[in-house]
Amino acid sequence: MVVQRSQGINVTTPSHSLEEQLSRRLDELQAERSKTEAHILSLKKRRADLSKSTEVMKQQVRERFESLRSVLSQDEQAVLDSLELDLRQTRTRLDQVLNNWKQHQNQVSKNITSTQRTLSESAGTEEDEEKGQNETLSAKKPDASEKEIRLNDERFEKLLKTLSSISKQLKAQLQRKTLLLDSSPMVIDRQTCHSEITVTSDGRGLSFSGSAHSAPENPLQFDKVCCALSGSPLAAPQSYWEVDVRCSSAWAVGVAYIRLERKGRDKGAKLGRNRNSWCVELRSGHLSAWHNDRHVACQGVGQASLGKVGVWVNYEKGQLVFYDADNMVVLQRFSAAVTPVFDRAHHQFTEPLYAAVCFLKPPENQIWPNHLELCHLNNP
């Protein structure tokens, strides 16, 4: 027992209370050690499971690619077999012609021998002359159809062109496959839409109506420029989406900070004409890339009009790439490393980015563009 004096009163404190506190503390520590050990075991199991899961995934990928290789191998063999069949058929026809000429050759040789024998055995009597005349062989001329006996070169050239086209498409789809892993669902924020833009019920399709629909004024709404932004910023470190532009003759597709101006027609409200937005745009049949009111002609643009524009953003690295989504040709790449025209200082993104689309005014005597669509990318 421990005796303490407090204000003239003797207080007795049992000595075992400290022991109880230490004992409880020890129990708590032992329980914490047990929980920690269990958690470590759980983490180790998860670590081992990661390796197992990855091996299963690898095997599934191998099977998919093996299936692709099998299809390609079967088709290759079928094409080779068709070429071999063409060869056999052509050879058969040519052999028939060759046999006819050999028969003619044999007949000519026989006539030569017969004629020589007659010359050596006779004195050239009238009877012999008549016999020689009777054995005269008419000259044989090549038939015009012989020139038509050849391998089907036209069909072969078509085959090579088709295989080349398939190869390009396959390469593009394999590249697109990697980007699709970063696909982000995009939905338009109706509050940002210009009053002459109508949005479909799923929030993906935009149509230019040509006439304003009544709605209360909204500070988020573009009042002069026919633009719209996505309802939420890009959340993932890497994001990819596509916009179907086939039904529009003048458009802009890009990304913007939320502070892009909404009122008026000044450059601060137009995509690519300020530091707050980047875009590619089709205007008067010319495709160009814009940022901070500077622009360049887009790369890799052929004669065919664009069907879909792909947009890929790597937020952390400050990279923005626009693609022709049908063949995965890069239209324009914005980055701090490769930006000869644009200010490199503006290619480290400092704020959340939003998808942006815009209807542009077409040249005179052309109808206004009427539809843009944010593509569904969940389905292959």
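It should be noted that the structure appears before, not after, this text.
(A) Examining the overall build of the chain more closely. Helices and strands together make up the secondary structure of the chain, namely three helices and 15 strands. The burial tally for the chain puts 31% of its 380 residues in the buried class. Considering only intrachain contacts with a sequence separation of at least 6, the fraction spanning at least 24 residues in the chain is 65%. As displayed, the chain offers around 25600 Å² of accessible surface, 52% of which is attributable to carbon and sulfur atoms.

(B) Region of the structure containing the pairing of strand β7 (residues 251-257). Summarising burial for β7: seven of the seven residues are buried, a large majority. What you see with β7 is no split at all: Trp-251, Val-253, Val-255 and Tyr-257 on one side and Ala-252, Gly-254 and Ala-256 on the other are buried throughout. Relative to strand β8 (residues 277-283), β7 runs antiparallel, the two being bridged by six bridges. When the bridges of β8 are listed, Gly-254 appears paired with Cys-279. Here β7 pairs with strand β14 (residues 353-359) via seven bridges, running antiparallel. By the bridge assignment, Trp-251 is partnered in β14 with Phe-359.

(C) Spotlight on the sheet that holds β7. If you trace the six strands from one edge of the open sheet to the other, you get β5-β14-β7-β8-β9-β10, paired in antiparallel fashion. A strand with exactly one partner marks an edge of an open sheet, and here the two such strands are β5 (227-229) and β10 (294-297). Between one strand and the next, the sheet's axes are offset by a mean angle of 20°, whatever the strand orientation.

(D) Up close: helix α3 (residues 153-180). For α3, which comprises 28 residues, the first-to-last C-alpha distance of 40 Å matches the rise-based estimate of 40 Å (1.5 Å per residue) to within 8%. Along its buried surface, α3 packs onto β6 (238-244), β11 (308-314) and β12 (319-324).

(E) Local environment of a nonpolar patch on the surface. Residues Val-61, Phe-65, Leu-68, Leu-72, Leu-170 and Leu-174 make up a contiguous nonpolar surface patch of about 500 Å² in total accessible area. Mapped onto the nonpolar patch, the elements with two or more residues apiece are α1 (16-121) and α3. As for its position among the elements, Leu-170 is in helix α3.

(F) Expanded view of a positive patch on the surface. Judged by side-chain charge, Lys-224, Arg-265, Lys-270 and Lys-361 come together as a positively charged surface patch. Inspection of the secondary structure assignment puts Lys-224 in the loop between β4 (205-208) and β5. Taking the relative accessible area as the measure of exposure, Lys-224 reaches 41% and is therefore partly exposed.

(G) Layout of the pairing of β11. In terms of burial, β11 is a largely internal element, six of the seven residues being buried. Relative to β11, β6 runs antiparallel, the two being bridged by seven bridges. Counted as the bridge partner of Trp-241 is Val-311 from β11. As judged from the six bridges shared by β11 and β12, these two strands associate in the antiparallel manner. The residue of β12 that forms the bridge with Val-309 is Asp-324. Between β11 and β12, which follow one another and run antiparallel, lie four residues, and Gly-318 among them has a positive phi close to 65°.

What counts as what
- Residues numbered from 1 in each chain as written.
- Predicted model: local features only at pLDDT ≥ 70, side-chain atom pairs only at ≥ 80, totals over all residues.
- Heavy atoms only, no water.
- Helix = DSSP H or I, 4+ residues; strand = E, 2+ residues; numbered from the N terminus.
- Buried < 20%, exposed > 50% of the residue type's maximum accessible area, 1.4 Å probe, protein only.
- Contact = heavy atoms within 4.5 Å.
- Areas by Shrake-Rupley, 256 points an atom, 1.4 Å probe, with all protein chains shown as cover.
- Pairing = 2+ DSSP bridges.
- Axes fitted to C-alpha atoms, helices over the stretch in contact; angles between N-to-C directions.
- Expected span 1.5 Å × (residues − 1).
- Patch = residues over 30% accessible without salt bridge, like charges linked within 9 Å, V, L, I, M, F, W, Y side chains within 5 Å.
- Salt bridge = Lys/Arg side-chain N within 4 Å of Asp/Glu carboxyl O.
- Lys, Arg positive; Asp, Glu negative; His and termini not counted.
- Charge placed at Lys NZ, Arg CZ, Asp CG, Glu CD.

From the geometry alone we can't say anything about function, so treat these as descriptive.
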